[in-house]
Structures are given as C-alpha cells and as structure tokens.
Amino acid sequence: MKLIKLIIVKAFRLIGIDWFFIKDVLSVLKGFRVVNREMRTPIESFHSMINLFCRTKGRSNQVIHKILTLFSSKIKFDDYNGIVPIKSKFELKEIVKELDEKGYVVYENVLSDEVLEYLYKFGTTTQSSARPLYSGKGLVAKNTVIDFNNLIAIHYDFNEETLINDPVVQSLMVDKSLIAIAQEYLNCTPISNVTGMWWQTDFEKTPNDEAATMWHFDMDHVRWIKYFFYITDVNTNSGPHCFVEGTHKPGKIPKELLKRGYARVTDEEIAETYPKEKVKEFIGKKGTLIIEDTIGLHKGKHVIDGSRLLFQLTFSDHLFGGNYPERKITKFADPKIRDFVYKNPKIFKKYLANSETK
Ligand SMILES: O=C(O)CCC(=O)C(=O)O
Ligand SMILES: [Fe+2]
C-alpha cells in the first residue's frame, strides 16, 4: 500500500503536482460538502482554496467556479430596471464584456439625492465600530457615532445586520440592474453576500509604512463581484479606491507577489510590476459606483484629508468562503422588496432564516 502511494505521489510530482496540492484539492471538496449542509466553510478548506489560488496564479478559482456554474441556474428577467441604465440584453453583455476585459466599470450619478442624503445621514447618526486600521496602535474597537471634531480611528464600520434591515439598503440589494450584471458576470445565480458601509478618515494624517502596503486581492469566495458606492465626494486625498486594471485575470499577479500567500503588496511593488496607466485611482463625486472584480489587486488609498463614506454590496457564486457572523433580515420596509426576496430565496439565502430558503 505504501509503495502504491509512493508511486502515485511520484507520478503526480512528475506532472508538477505534489502531495500538498492533492491535500488542498481534497480539503476544498470536503469544504463544499460542509457548506451545502451547514452554510459554513471549514477554515482549513478555506485556507486550501487560498493555497491553490496562490499556487495556480488564480486558475484554481476559475476551475472551481466553472464547475459551480454547472450546478447553478440563472434567474429570468423581464427587464433590467434599476440604478444602472441597461435597456437590453445587448447592453448588459457590453457592460460585462468591459468588466471581463478590465476588471472594473465605473458609473457616475447612480444614486438619487434623496438616497445619498439618507445614507449620509445614516452614516453620521448611526453607531459604528471605530477601529484603527493598522496593527500595533493599542486602540480597541469602540461602538460610537462618528464625531468629525474628535476622531478616534481611521476606520468606522457599520453593522451588517443593521444595514440589511435598512429600507434603502434593501432597495439596493434587490436592484435588478445590479443583480443582472452580477448574474451575467458570474454566469450563475448571484448570492448576496457581505453588505457593508464604512468611513475612512484622516485620523492619521500622515501615511505610515503600513499605509503603503494596502494593495491586496480579496479571497473571500470562489468568484464574486463588488459594488462600491461613494456616498461622499472623493478626491485624491480623501481615500479613493484604487485598482490595477487587468489583474483580475488568472496569471496577471506574478509569482513574486503571490508567493507570500494572502499578503499585502506595497506601492513600490505595484509601480515596479505594472505600467502606470494600468494603476487606476477612482476620483468621483458622491453617487459614483465602481463595479469591480476584487480578485484583482486593489486598495483604499490612505486618507490624508477629509473622510470617505463608502457603501458596498457583494454578490458571489457560492457561499463557500470566509465565515462571517450570521446576519439575518428580520424586517422588510416594503412589501415589493419582500416579494422579490421570497421569489428569489437563492440570492438571499445567506440573509434569510434557514427555514425560509427551503
Ligand atoms: O476601501 C476601499 O476602497 C477598499 C476596500 C476593500 O479592499 C474591499 O472592500 O475589498
Ligand atoms: Fe479588498
């Protein structure tokens, strides 16, 4: 038996596959069985997915994703009415083509003044968790309403459960244009996942060493798409979101940057690796939407003057991934939203009580 195992291991090694690779593949497979049963991913399976991503320069996620799409149907749309203007299937395909090519698409003015005012008010009157972004500051997270005259943190994070029970947030979560883009990009029913809102502030006006190492790729799920909404005007000093065009494609993050695993990358490394014109800094007025595949390299630039309020929606291909605290929708502000959610329980299964998704 030992001999057979040795021969198999040697044979795989000849084609560049070692025992750790096989172990990671098996661990990911086991992870999917657990997620489908319990809606939670074993941590070792999640780490195996990241190992495989780094070893295969992102190709493993593409393969897993492809398999997942074979088991997932798509929802049908009569129209794509929503905050992103999409008049036809052709237009939808054009948007997704751009996303495929560049890894991002930007829209201005997608939110009405009322929605912007509402979310800004939410951001300035609701408690958030104030936490220093960087380690070693000795500051612990504190629940507080942001006070711009007395900032205590770089990062103020709003509770996901409060957000998903908010009427305006719910109206964006069920927006057909956003769901249609996610579905077309992911080629399967998109799953609403990780809804967030946070302030980035100039609490620390001078960027320190750690602020220069904020470039990273996300690896929370197999494939996903994020929607970043600016709720405040964002200039070069108030923390624009940044992305390296094209790095969402497999093989576009070189081995040297991947070999550290799921680690952060410095400004210098980005400048040395990619042409300047590919490093995008998104300056935009409030109401700007950046749709992005954050499997590519991105960061929120350190804020040196002012504060940035950002709202985020995520749609993924599967619940497999990092485990977030359980968050449930307990009330609907609008019967239309409730109907949409219950008609599409698969999209919202993360946020519905288990019994409601059956
Ligand atoms: O704050 C930003 O612009 C970046 C946030 C980010 O990295 C993420 O949401 O994945
Ligand atoms: Fe990120």
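Residues numbered from 1 in each chain as written. Chains lettered and ligands numbered in written order. Predicted model: local features only at pLDDT ≥ 70, side-chain atom pairs only at ≥ 80, totals over all residues.

> Explanation requested: the overall build of the protein chain in the structure shown.
Counting its regular elements, the protein chain contains 12 helices and 12 strands. Burial statistics for the protein chain: of 358 residues in total, 37% are counted as buried. When contacts within the protein chain are restricted to residue pairs at least 6 apart in sequence, long-range pairs at least 24 apart make up 82% of them. (Helix = DSSP H or I, 4+ residues; strand = E, 2+ residues; numbered from the N terminus. Buried ≥ 20, exposed ≤ 12 C-beta atoms within 10 Å, placed from the backbone. Contact = placed C-beta atoms within 7 Å.)

> Please clarify how the packing of helix α2 (residues 19-38) against helix α3 (residues 43-55) should be interpreted in this entry.
Describing two packed helices takes the angle between their axes plus the distance from one axis to the other. Put simply, α2 and α3 touch, their axes get as near as 8 Å, and they point 135° apart. As judged from the angle between their axes, α2 and α3 are oblique. The handedness of the crossing between α2 and α3 is left-handed. For the pair α2 and α3, the contacting residues are Phe21, Asp24, Ser27, Val28, Lys30 and Gly31 in the first and Glu44, Ser45, Phe46, Ser48, Met49, Asn51, Leu52 and Arg55 in the second. Class assignment of the residues belonging to the contact of α2 with α3 gives a composition of 5 nonpolar, 5 polar and 4 charged. (Axes fitted to C-alpha atoms, helices over the stretch in contact; angles between N-to-C directions. Parallel < 35°, antiparallel > 145°, perpendicular 65-115°, else oblique. Left-handed = near helix turned anticlockwise from the far one by under 90°. Nonpolar A, V, L, I, M, F, W, Y, C, P; charged D, E, K, R; others polar.)

> What should I look at first to understand helix α4 (residues 59-70) in this one?
Since the α-helix turns once every 3.6 residues, residues separated by three or four places project in the same direction. For α4, spanning 12 residues, the distance from its first C-alpha to its last is 17 Å, which sits close to the expected 16 Å at 1.5 Å a residue. Along α4, the residues classified as buried are Ser60, Asn61 and Ile64. Around the axis of α4, the buried residues are gathered within 95° of arc, so they sit on the same side. Looking at the buried side of α4, the elements it contacts are α2 and α3. (Expected span 1.5 Å × (residues − 1). Arc of directions from axis to C-beta.)

> Looking at this structure, I do not really get the site of ligand 1. What am I missing?
Residues in contact with ligand 1, as listed here, are Asp218, His241, Thr294, His298, Lys299, Gly300, Leu310 and Gln312. A per-element tally of the shell around ligand 1 places strand β11 (residues 298-300) first, with 3 residues. A per-class count over the shell around ligand 1 returns 1 nonpolar, 5 polar and 2 charged. (Near = placed C-beta within 6 Å.)

> Sorry, what's going on with the environment of tyrosine 104 here?
As for its position among the elements, tyrosine 104 is in strand β1 (residues 104-107). The exposure class of tyrosine 104 is buried, given the 25 C-beta atoms found within 10 Å. Apart from the residues within four sequence positions on either side, tyrosine 104 is in contact with Phe243, Ile290, Ile291 and Glu292.

> Could you clarify how one ought to interpret the domain arrangement of the protein chain in this entry?
Accessible area lost on assembly of the parts is the figure often given for the size of an interface. Each assigned domain of the protein chain is listed with its residue range as follows: domain 1 (2-70) and domain 2 (89-356). Taken together, the contact pairs 19 residues of domain 1 with 19 residues of domain 2. Put simply, the parts of the chain that give the side of domain 1 that touches domain 2 at least two residues each are α2, α3 and α4. Per-element tally for the side of domain 1 that touches domain 2: the top contributor is α4, with 7 residues. Residues of the side of domain 1 that touches domain 2, tallied by class, amount to 9 nonpolar, 7 polar and 3 charged. (Domains from an automatic or database assignment.)

> Would you mind going over the packing of helix α5 (residues 89-102) against helix α9 (residues 176-186) with me for this structure?
Between α5 and α9, the least distance of the axes is 9 Å, while the angle of their chain directions is 60°. One finds that α5 runs oblique with respect to α9. The hand of the α5/α9 crossing is right-handed. Note on element contacts: α9 touches α5 through Ala180, Ile181, Glu184 and Tyr185, opposite Leu92, Lys93, Ile95, Val96 and Leu99. Broken down by class, the residue content of the contact of α5 with α9 amounts to 7 nonpolar, no polar and 2 charged.

> Explain unusual backbone geometry here, please?
Glycine aside, residues mostly have negative phi, and peptide bonds are mostly found in the trans state. Look at methionine 39: it is not a glycine, yet its phi comes out positive at around 55°. Along the chain, methionine 39 falls in the loop between α2 and α3. With 14 C-beta atoms packed within 10 Å, methionine 39 lands in the partly exposed category. For asparagine 109, which is not glycine, the phi torsion reads 55° and is therefore positive. Here asparagine 109 lies in the loop between β1 and α6 (113-125).

> Help me understand the environment of isoleucine 4, please; the structure alone is not making it clear to me.
Considering the arrangement of structural elements, one finds isoleucine 4 in helix α1 (residues 2-14). With 197 residues separating them in the primary sequence, isoleucine 4 and threonine 201 have C-alpha atoms 59 Å apart.

> Sorry, what's going on with the sheet that holds strand β8 (residues 241-244) here?
One key point about sheets: their strands pair by backbone hydrogen bonds, in either a parallel or an antiparallel sense. With antiparallel pairing, the 3 strands of this open sheet are ordered in space as β9-β8-β11. Of all the strands in the sheet, just β9 (279-282) and β11 have a single pairing partner and so form its edges. Across this sheet, the average inter-strand angle for adjacent strands is 15°, counted without regard to direction. As paired elements, β8 and β9 share 4 bridges and run antiparallel to each other. Looking at the pairing, histidine 241 lines up with phenylalanine 282 of β9. (Pairing = 2+ DSSP bridges.)

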